[in-house]
Amino acid sequence: MSSNFTNEIDIVPVSKSKIDTVDFENLTFGNVFTDHMLVCDFKDGKWQKPIIKAYEPFLIDPSAKVFHYGQAIFEGMKAYKDETDSIWLFRPDENFKRFNDSAKRLAMPEITEDIFIEGLKEILRLDKDWVKKGKGNTLYLRPFMIAIGSGVIAQPSTQYRFMIIMSPARSYYSGEVKVIIAEHYSRAANGGIGAAKAAGNYSAQFYPTKLANEKGFQQIIWTDDATHTKLEEAGTMNVFFRIGDTLFTAPTGERILDGVTRKSLIDLARTIGIQVEVRSVLVSELVEAAKNGTLKEIFGAGTAAVVNPIVGFSYQNEYYELPKIEDSYALRLKEKLTNIQYKIDEDTFGWTVKV
C-alpha cells in the first residue's frame, strides 16, 4: 500500500457541517449520513482518481446496468472511538478481501487496497467528529460498488462506481427477536451468489421476511435450498446454536456469507474455553434439543447487531421458547468482542487498526 496515496485523493470539504442538526441519542439505523462521501469511478479499464466531497445525490443514466442486471455489491463495517479520541477499524483487511471476492463473483473489477483502506481512513479523518465515544456508539461504514455503464444489453458493465458513505449508529435491533425456520423459501442456492455480499441477496429476503413479520416473527432462520433440513443463517446474520455447553454454527460456503463477526466470535469462544463445532446443524436436531431441554441459546452475529440473542423459534406451526439463562454465551462473547473493538481490553489478536 502506498504511504503517499492520500495525496492522490481529491478532497473538497463542506463549508459547514450538518452535525449539529443530528440527535445522536435517537438515531434510526442507517437513516442519517455524515458530511462527506468518497467516490471513485472505473472506466477505460482502470480506476480513476478518488474524490471525497459533500454527501449528495448524483445523476445516473436510466439504462445503467445496476438497474437492469443487478451488478451491486457492498460491505458493512464500523469505526469506533476510544477514550483517548483515537478512531479504530475492526479487521478491515477481511472486509477488503470479501469485497473483492464479491466483485469477482459478479464480474466486476476488483478495488485496490489503496482506494478501499486508505480511502476509508481519509474520509474518517475528515468526519472524525461523527464518531462518538462511549460503548454502543459507532460509525457504520458502507463501501459499495455499482455498475454505471449505460445500455440494456445483458452483459457486464464496462464502467463502475465505488463509493463510501457513513452513518452514525447505535443499536441495530431492539426488543425480543423471535424467528421462524424456513420451510419453503431460500436465501441462496449452490452455484449462486449466496457467499457474495450482493444487493440481490437481500432483496430476495424481503418478501419471505414480510410474511414472517405478519405472523409475529422478526426474522427467518434460513435452511438449505435442496432439502430445507440444514440450518444456515438468521435473517441477514450468521447464526449460532448452543446445545448443552457447545456452540454450533454452519460452515461457510457457496450459500453462507463468510462473516467477519462470525469468525471473530469463533476465535474468541475457543480462546476462553468454549467448545465450538463448525458443521451443518439439522432442523431435527434443534427441535429435539428444544424438546429435551438441551437447547440453551440461539443468536445471530453480524456487523450491525454484533450479537443478537433469539428468544424462540417456530417450526411447522409449533413455537419453542428458549430458557432464560444466567450464563449466556451470547452476552459473554458480545462483551469480549466489543471490549476489543472499543479498546477497553487488549487486542491480543491484532484485529484493530488505528485510523
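What counts as what
Residues numbered from 1 in each chain as written. Predicted model: local features only at pLDDT ≥ 70, side-chain atom pairs only at ≥ 80, totals over all residues. Heavy atoms only, no water. Salt bridge = Lys/Arg side-chain N within 4 Å of Asp/Glu carboxyl O. Helix = DSSP H or I, 4+ residues; strand = E, 2+ residues; numbered from the N terminus. Buried < 20%, exposed > 50% of the residue type's maximum accessible area, 1.4 Å probe, protein only. Core = buried A, V, L, I, M, F, W, Y, C linked by side-chain atoms within 4.5 Å. Contact = heavy atoms within 4.5 Å. Pairing = 2+ DSSP bridges. Right-handed = clockwise from strand over helix to strand, strands pointing away. Expected span 1.5 Å × (residues − 1). Bend = angle between axes of the 7 residues up to and from the residue. Axes fitted to C-alpha atoms, helices over the stretch in contact; angles between N-to-C directions. Parallel < 35°, antiparallel > 145°, perpendicular 65-115°, else oblique. Left-handed = near helix turned anticlockwise from the far one by under 90°. Nonpolar A, V, L, I, M, F, W, Y, C, P; charged D, E, K, R; others polar. Polar contact = N/O pair within 3.5 Å; in protein donor to acceptor, adjacent residues only side chain to side chain.

## Description of the pattern of salt bridges
One pass over the full model with this rule turns up 23 salt bridges. We note a salt bridge from Glu214 to Lys210, for which the minimum N-O separation is 2.8 Å. With Glu214 and Lys210 both in helix 4 (residues 199–214), this residue pair falls four residues apart, about one helical turn. Residue classification places Lys210 among the partly exposed residues on the basis of a relative accessible area of 45%.

## Describing the nonpolar core
Phe116, Leu141 and Phe162 are the most contacted members of the largest nonpolar core, which has 53 residues in total. Broken down by secondary-structure element, the contributors of at least two residues to this core are strand 2 (36–43), strand 5 (72–74), strand 6 (77–81), strand 7 (87–90), helix 2 (92–105), helix 3 (113–126), strand 8 (138–147) and strand 9 (160–169). Ignoring anything within four residues of it in the chain, the contact list for Leu141 reads Glu75, Gly76, Met77, Lys78, Ala79, Leu89, Leu120, Leu124, Ile165 and Met166.

## Structural notes on the pairing of strand 15 (residues 275–278)
Of the pairings in the sheet, the one linking strand 14 (residues 246–249) to strand 15 comprises four bridges and is parallel in character. Looking at the pairing, Leu247 lines up with Val276 of strand 15. Each parallel crossover has a hand, and for strand 14 linked through helix 5 (residues 260–271) to strand 15 it is right-handed.

## Remarks on helix 4
Each turn of an α-helix holds 3.6 residues, which means side chains three or four residues apart point in the same direction. The end-to-end C-alpha distance of helix 4 is 24 Å, a good match for the 22 Å that 16 residues give at a rise of 1.5 Å each. The sharpest bend along helix 4 measures roughly 35° and falls at Phe206, with the proline Pro208 sitting one to four residues further on. Of all the residues in helix 4, the buried ones are Asn201, Tyr202, Gln205, Pro208, Thr209 and Ala212. On its buried face, helix 4 is in contact with strand 5, strand 10 (178–181) and strand 11 (219–223). Gly216 sits one or two positions beyond helix 4 and adopts a positive phi of about 95°.

## Remarks on the packing of helix 2 against helix 3
Relative to each other, helix 2 and helix 3 sit at 140°, their axes nearing to 11 Å. Here helix 2 is positioned oblique relative to helix 3, judged by the angle of their axes. Note that helix 2 runs across helix 3; the crossing there is right-handed. Counting all contacts with helix 2, which are made through Pro92, Asp93, Asn95, Phe96 and Phe99, the residues of helix 3 involved are Glu113, Phe116 and Ile117. Residues that form the contact of helix 2 with helix 3 fall into these classes: five nonpolar, one polar and two charged.

## As for the side chain of Ser86
Within the secondary structure, Ser86 is located in the loop between strand 6 and strand 7. For Ser86, a relative accessible area of 14% gives the class buried. Here the side chain of Ser86 touches Thr84 through a polar contact of 3.3 Å, side chain to side chain. Other than its neighbours up to four places away in sequence, Ser86 contacts Tyr80, Lys81 and Lys354.

## Examining the environment of Tyr185
Inspection of the secondary structure puts Tyr185 in the loop between strand 10 and helix 4. With 112 residues separating them along the chain, Tyr185 and Glu297 place their C-alpha atoms 24 Å apart. In contact with Tyr185, other than residues within four places in its own chain, are Tyr207, Pro208, Leu211, Trp222 and His228.

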